[in-house]
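Structural characterization, general
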Amino acid sequence: MAIINLTVNGEKKTIEVDPEMPLLWAIRENLGLTGTKFGCGIAQCGSCTVRIDGESVRSCTYPLSAAEGKSIVTIEGLSEDNDHPVQQAWIEEQVPQCGYCQSGQIMNAAIFLEKNPHPTDEEIDQAMSGILCRCGCYTRIKKAVKRASLS
Amino acid sequence: METITRRKFIQLSSITGTFLIVGCVPGKEEATKVVTGLASQLKGINLNQFISIGTDNSILLFNHRPEMGQGTFQSIPMILAEELEVNIEDIDIHQSEANREVYGSQMVVGSRSIQTEYAKLRLMGATARELLKQAAANRWGINIKDCTAENAVISQTNGESFTYGELVEDAGKLDPPESPPLKDPSAFKIIGQPVWRSDIPLKTNGAAKYGIDISVPGMLHASIERSPVFLGKVLSFNEDEVLAVPGVKHVFKTSRQVYGRTREGVAVLAESYWASIKGRNVLKVEWDNQGLEEINSDTIFNKYRQESKKKGDELFGRGDALSILNSSAGVITAEYETPYQAHVPMEPMNAIVHIEEGRAEFWGSTQNPNGIKSFLSRQYEIDEANIKINYTFMGGGFGRRSMTDVAEEAADLSFKSGKPVKVVWSREDDQTQGPFRAASLNVLRAVVKDDEVKAVEHKVVAQEIRNQTGDSMEAGRQLMGGITTAYLFPNFTVRGVLQKHHVPISYWRAVYHSTNPFAHESFMDELAHATGRDPVEFRLNLLEHPRYRRVLEEAARITNWGEKKEGIGRGIAVVERSGAHFAMVVDVEKKDGGVFPKKITTVLDLGICINPDTVRAQTEGSIVMGLGAFYSGLTIENGAVAEQNFHTYQLLRIDQCPEIETHILESIADPDGAGESGLPTVAPALANAVFDLTGKRIRKLPVDLSVFG
Ligand code: FES
Ligand code: FES
């Protein structure tokens, strides 16, 4: 067990956990933020995507020991009132079906657009290709990322 | 609708205040008898309420079908709201309780929810509206015919009006009309509109709760090791070493039933998910695998090929195809293979169950809440009235969550530990344990003379979901799903050769419609070429059924079918699934040494479409799932699934998703099922397009198109 200090969605948190535990489970179980999802556990699906120091990170393979002192943003912290341009675009394009992958999709898209505010279609495909959607919302995700990039 | 911050389970008994309640007599699916009254009068009555209107003008509509992405969360209330004459933005949607006695079947499978519930929902909406109109007419002393209902207000010609809330008390005392007038579909204001789904905002900010997100006080987390070869029996396990792992509380042998077979496992119960995983990493189980390691995909398909020589059982017959086929020279023969597929909903399988003396509770994502309730009642001898089923949003289902097996594991472990237990399957568990979409071999034969098809045989060699164990080897009609017997071949036989072995199978989106049409519609393309006909013309010549013809003709028109485009190959396929008819045109092009779909156009006739945007979304999703199954499949090696996780079982990714265009044809027929539309046609239309471009016929899936250029 180890004491880990994190900043999550702007709040400082201290948790006592197995430092080998992936960040995902600390977020979901220790901090109770269940918007970040478990999909594969091997960095293949992107359901667990969060922002760490500005980067899109798969929290299922990110050991807590590496998270010490880092600033983490989860889907719950992306905006106050669901009004981030990516969230708005997601609603306007009616993207989600089951919705399970969407926290990862939205976080990844938001982080991507911070770095590349006016991407081409190919760049969008490239950037979003790490996030799986079994319901197959891809055509809408493409449109929504485009829409958010224009807003 | 931002007002829904969490899903509530409201029961009649918990409603206080004055509400007009509309429901119908429990269990009466066909002859629906609508029951109405004030909440206070109806207390204690077993009533499946769907509509609740308060004196405060609040309107609650109940959705009794679990939501897994298919959109019934919104489309069921849309049907109620249409007849009720309320604005869809002004209502609240509540998930109903799970209660078979009250709501009848609540299982969400086979794209059936809208089809089976449509008439009943309209009737209830119309009954409520007419009662409110009658209440207003009585107050004004006028004929009900002179009252109109709109936007939750009843008005008369002089401009006077009452809100629904003002009429609730009076309406609740009236007898409901026997057969209230239903709206003419041409007057629909909500049905047919691309209404925004009220669950979507919750699915953009992490607020939507799925089974895997639920915690209950005092619960233990369980991770379960199961035999990779499915039927392995537990011989021994290192309990003491596992118990030494920090956080681990118990190690139990457990089991569940999968289609008549007992599947064993060893469960590690711990204080947290992570501790259960750490315990499981230390766990060593010795299995008696009963020689099943000898089996692999090759041995399975070799056996299927052998078995395909058998005559099999006739599932459909017209004329005398066999004697023509057996006495003719130059029979055209083609074999098509499709692999096992896993459902892999993005939310891994999970369940929480708490078994206590005389009562039980379930929390989780399920397509079959009542199935879980009856299982718990049967297994633990608990009255259904004392079993509470809390069903959440599902992170996908695709048929996998129609089974109750994970709840069975959680129940067993709760019973053994005395605590609420949450079982979460890892992705590896989910992908390798099944049950799977059945692998199949389809063998087609035809006789063509003078450019006419004289006889066709379609033989399906596969396991059948309904008949996986026991001695009966007679093929059932389930095996022929997706084979278009509407093709008017003068001699046509569809036959099945039933297979049985240890690989477990189950319902997977579109079921046999996800495999048979690949063979059937590819073979139609082969026959079109053999008779020198265009594939659309070939099909139209053989089809009298107006809906097949309509979707084919419209697809050809919309895509300018006859027009050749440089560097583009085109394929077409047509299928009926759950009453919906659809034709699909796939355009492919060469790129980077491979062949790739560039555009997929689907034309659908599914009767009245409740929410065209939801139908489009379902079609897009079905196409993506169909494409994934074209490129990737599961293989059995040494009796077990070889592909452990998404790195080897490749689901479709966004950069592989072509442009998708969906056209929904106008119709006033009652609605058909939309949730699987498009999936059955993807494989054949794509394979036919690849043939058009390259001259290479694809008869075995999965296939790597990146080397096809
Ligand atoms: S759960 Fe982390 S990438 Fe799949
Ligand atoms: S919306 Fe269901 S997995 Fe993406």
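Residues numbered from 1 in each chain as written. Chains lettered and ligands numbered in written order. Predicted model: local features only at pLDDT ≥ 70, side-chain atom pairs only at ≥ 80, totals over all residues. Heavy atoms only, no water.

Side note on the overall build of chain B
The helix and strand tally for chain B stands at 17 helices and 28 strands. A compact globule built from 709 residues should have a C-alpha radius of gyration of about 27 Å, and chain B, at 27 Å, falls within 12% of that. Counting only residues that meet the buried cut, chain B has 64% of its 709 residues in that class. Of the contacts made within chain B by residues no fewer than 6 positions apart, 77% connect residues no fewer than 24 positions apart. Split by element, the accessible area of chain B, about 25300 Å² in all, is 47% carbon and sulfur. The positive charge centre, built from 77 side chains, and the negative charge centre, built from 92, are 2 Å apart in chain B. (Helix = DSSP H or I, 4+ residues; strand = E, 2+ residues; numbered from the N terminus. Rg over C-alpha atoms; globule rule 2.2 N^0.38 Å. Buried < 20%, exposed > 50% of the residue type's maximum accessible area, 1.4 Å probe, protein only. Contact = heavy atoms within 4.5 Å. Areas by Shrake-Rupley, 256 points an atom, 1.4 Å probe, with all protein chains shown as cover. Lys, Arg positive; Asp, Glu negative; His and termini not counted. Charge placed at Lys NZ, Arg CZ, Asp CG, Glu CD.)

Overview of the pattern of salt bridges
All names here are of chain B. Scanning the model with the defined rule gives 64 salt bridges over all chains in all. The partner of Arg139 in a salt bridge is Asp170, with the nearest N and O atoms 2.8 Å apart. With Arg139 in helix α4 (residues 113–140) and Asp170 in helix α5 (residues 164–173), this residue pair connects regions lying 31 residues apart in the sequence. Owing to a relative accessible area of 39%, Arg139 belongs among the partly exposed residues under this scheme. What makes Asp170 partly exposed here is its relative accessible area of 27%. The partner of Glu554 in a salt bridge is Arg557, with the nearest N and O atoms 2.8 Å apart. Of this pair, Glu554 and Arg557 both sit in helix α15 (residues 546–558), separated by three residues, roughly a single helical turn. Taking relative accessible area as the criterion, Arg557 reaches 54% and is therefore assigned exposed. (Salt bridge = Lys/Arg side-chain N within 4 Å of Asp/Glu carboxyl O.)

A closer look at unusual backbone geometry
Residues and elements named next belong to chain B. In this structure, the amide linkage connecting Gly434 to the following residue, Pro435, adopts the cis form with an omega of 0°. Along the polypeptide, Pro435 turns up in the loop between α12 (427–433) and β20 (440–449). For the bond running from Leu701 to Pro702, omega is 0°, close enough to zero to count as cis. Tracing the sequence through the fold places Pro702 in the segment after α17 (679–694). Positive phi values are uncommon outside glycine, yet Val344 reaches one of about 30°. By the secondary structure assignment, Val344 is in the loop between β15 (332–338) and β16 (350–356). Look at Phe398: it is not a glycine, yet its phi comes out positive at around 60°. Considering the arrangement of structural elements, one finds Phe398 in the loop between β18 (387–391) and α11 (405–417).

What about the pairing of strand β1 (residues 2–8) of chain A?
As a general feature of sheets, a regular strand has side chains that alternate between the two faces. Residue and element names in this part refer to chain A. Strand direction decides the pairing type here: β1 and strand β2 (residues 11–17), joined by seven bridges, are antiparallel. Of the residues in β2, the one forming a bridge with Ile4 is Ile15. Between β1 and β2, which pair antiparallel in sequence order, lie two residues; one of them, Asn9, sits at a positive phi of approximately 50°. As paired strands, β1 and strand β5 (residues 71–73) are joined by two bridges and run parallel to one another. Among the inter-strand pairings, Thr7 is bridged to a residue of β5, identified as Ser71. (Pairing = 2+ DSSP bridges.)

Points about the interface of chain A and chain B
Each side of the interface is counted separately: chain A has 49 residues, and chain B has 58 residues. Between chain A and chain B lies a buried interface of about 4500 Å² when both sides are counted; carbon and sulfur atoms form 58% of it. Sorting the residues of chain A by area buried against chain B places Gln94, Gln97 and Arg134 of chain A first, and these three jointly supply 19% of that buried surface. On the surface where chain A and chain B come into contact, there are six salt bridges. Its salt-bridge partner being Lys278 of chain B, residue Glu20 of chain A comes within 3.2 Å of it at the nearest N-O pair. (Buried area = accessible area lost by both parts, 1.4 Å probe.)

Section: the domain arrangement of chain A
Residues and elements named next belong to chain A. Split into domains, chain A comes out as domain 1 (2–78) and domain 2 (85–150). For domain 1 versus domain 2, the separation of C-alpha centres amounts to 21 Å. With 18 residues of domain 1 in contact, the opposing surface of domain 2 contributes 15 residues. Across the domain 1-domain 2 interface, the total number found is two salt bridges. Residue Arg51 is joined to Glu114 by a salt bridge in which the shortest nitrogen-to-oxygen separation is 2.4 Å. Mapped by element, the contributors of at least two residues to the side of domain 1 that touches domain 2 are β3 (49–52) and β4 (55–58). Broken down by class, the residue content of the side of domain 1 that touches domain 2 amounts to six nonpolar, eight polar and four charged. (Domains from an automatic or database assignment. Nonpolar A, V, L, I, M, F, W, Y, C, P; charged D, E, K, R; others polar.)

Overview of the packing of helix α16 (residues 612–631) of chain B against α17 of chain B
Residue and element names in this part refer to chain B. Two numbers describe how α16 lies on α17: the axes approach to 8 Å, and their chain directions differ by 50°. Taken together, the axes of α16 and α17 lie oblique to each other. Handedness of the crossing formed by α16 with α17: right-handed. Across the interface between the two elements, Ser622, Ile623, Met625, Gly626, Leu627, Phe630 and Tyr631 from α16 touch Leu679, Val682, Ala683, Leu686 and Ala687 from α17. For the contact of α16 with α17, the per-class residue count stands at 10 nonpolar, two polar and no charged. (Axes fitted to C-alpha atoms, helices over the stretch in contact; angles between N-to-C directions. Parallel < 35°, antiparallel > 145°, perpendicular 65-115°, else oblique. Left-handed = near helix turned anticlockwise from the far one by under 90°.)

What to know about α16 of chain B
Residues and elements named next belong to chain B. Between the first and last C-alpha of α16 there are 29 Å, a value that for 20 residues agrees with the 28 Å anticipated at 1.5 Å per step. Burial of α16 is extensive: 18 of the 20 residues sit out of reach of the surface. Regarding α16, its N-cap is Asn611, as a side-chain oxygen of that residue lies 3.0 Å from the backbone nitrogen of Asp613 further along. (Expected span 1.5 Å × (residues − 1). Polar contact = N/O pair within 3.5 Å; in protein donor to acceptor, adjacent residues only side chain to side chain.)

A few points about the environment of Leu174 of chain B
All names here are of chain B. Within the fold, Leu174 resides in the loop between α5 and β9 (220–226). Under the relative-accessibility criterion, Leu174 is labelled partly exposed at 22%. Residues Leu174 and Ile387 lie 213 residues apart in sequence; the distance between their C-alpha atoms is 35 Å. If sequence neighbours within four positions are ignored, Leu174 has contacts with Thr36, Leu131, Gln134, Ala135 and Asn138.

Examining the side chain of Gln367 of chain B
Positionally, Gln367 of chain B belongs in the loop between β17 (359–364) and α10 (369–380). Within polar-contact distance, the side chain of Gln367 of chain B engages the backbone nitrogen of Ser402 of chain B at 3.3 Å.

Description of the domain arrangement of chain B
Residues and elements named next belong to chain B. One can read the domain layout of chain B as domain 1 (6–203), domain 2 (213–291 + 349–424) and domain 3 (298–340 + 437–707). Placing the centre of domain 2 and that of domain 3 at their C-alpha centroids yields a distance of 37 Å. Summing both partners gives a buried area of about 1100 Å² for domain 2 against domain 3, and 63% of it is carried by carbon and sulfur. Considering only the side of domain 2, the residues that lose the most area to domain 3 are Phe230, Tyr259 and Phe398, jointly responsible for 54% of the buried surface there. At the junction of domain 2 with domain 3, the criterion picks out zero salt bridges. Counting the contacts that link domain 2 with domain 3 gives three residue pairs in polar contact (both at pLDDT 80 or more).

Details of empty space enclosed by the protein
Residues and elements named next belong to chain B. Taken as a whole and assessed by the stated rule, the structure comprises eight cavities of 30 Å³ or more. Estimates place the volume of the largest cavity at around 90 Å³. Along its surface, the largest cavity is lined by 14 residues, and Ser514, Gly626, Ala629, Ala683 and Leu701 are the ones closest to its centre. Elements with a contribution of two residues or more to the lining of the largest cavity: α16 and α17. Looking at the lining of the largest cavity, its residues break down into 10 nonpolar, three polar and one charged. In this structure, the second largest cavity occupies an estimated 70 Å³ of space. Taken together, 13 residues line the second largest cavity, and the ones lying closest to its centre are Asn350, Ser365, Ile372, Met403 and Val406. Those elements that place two or more of their residues in the lining of the second largest cavity are β16 and α11. Considering only residue class, the lining of the second largest cavity consists of seven nonpolar, four polar and two charged. (1 Å grid on protein atoms, 1.4 Å probe; cavity = no way out; pocket = protein on both sides within 12 Å on 5 of 7 lines; lining within 4 Å. Points joined across faces, edges and corners; volume = space filled by probe spheres on them.)

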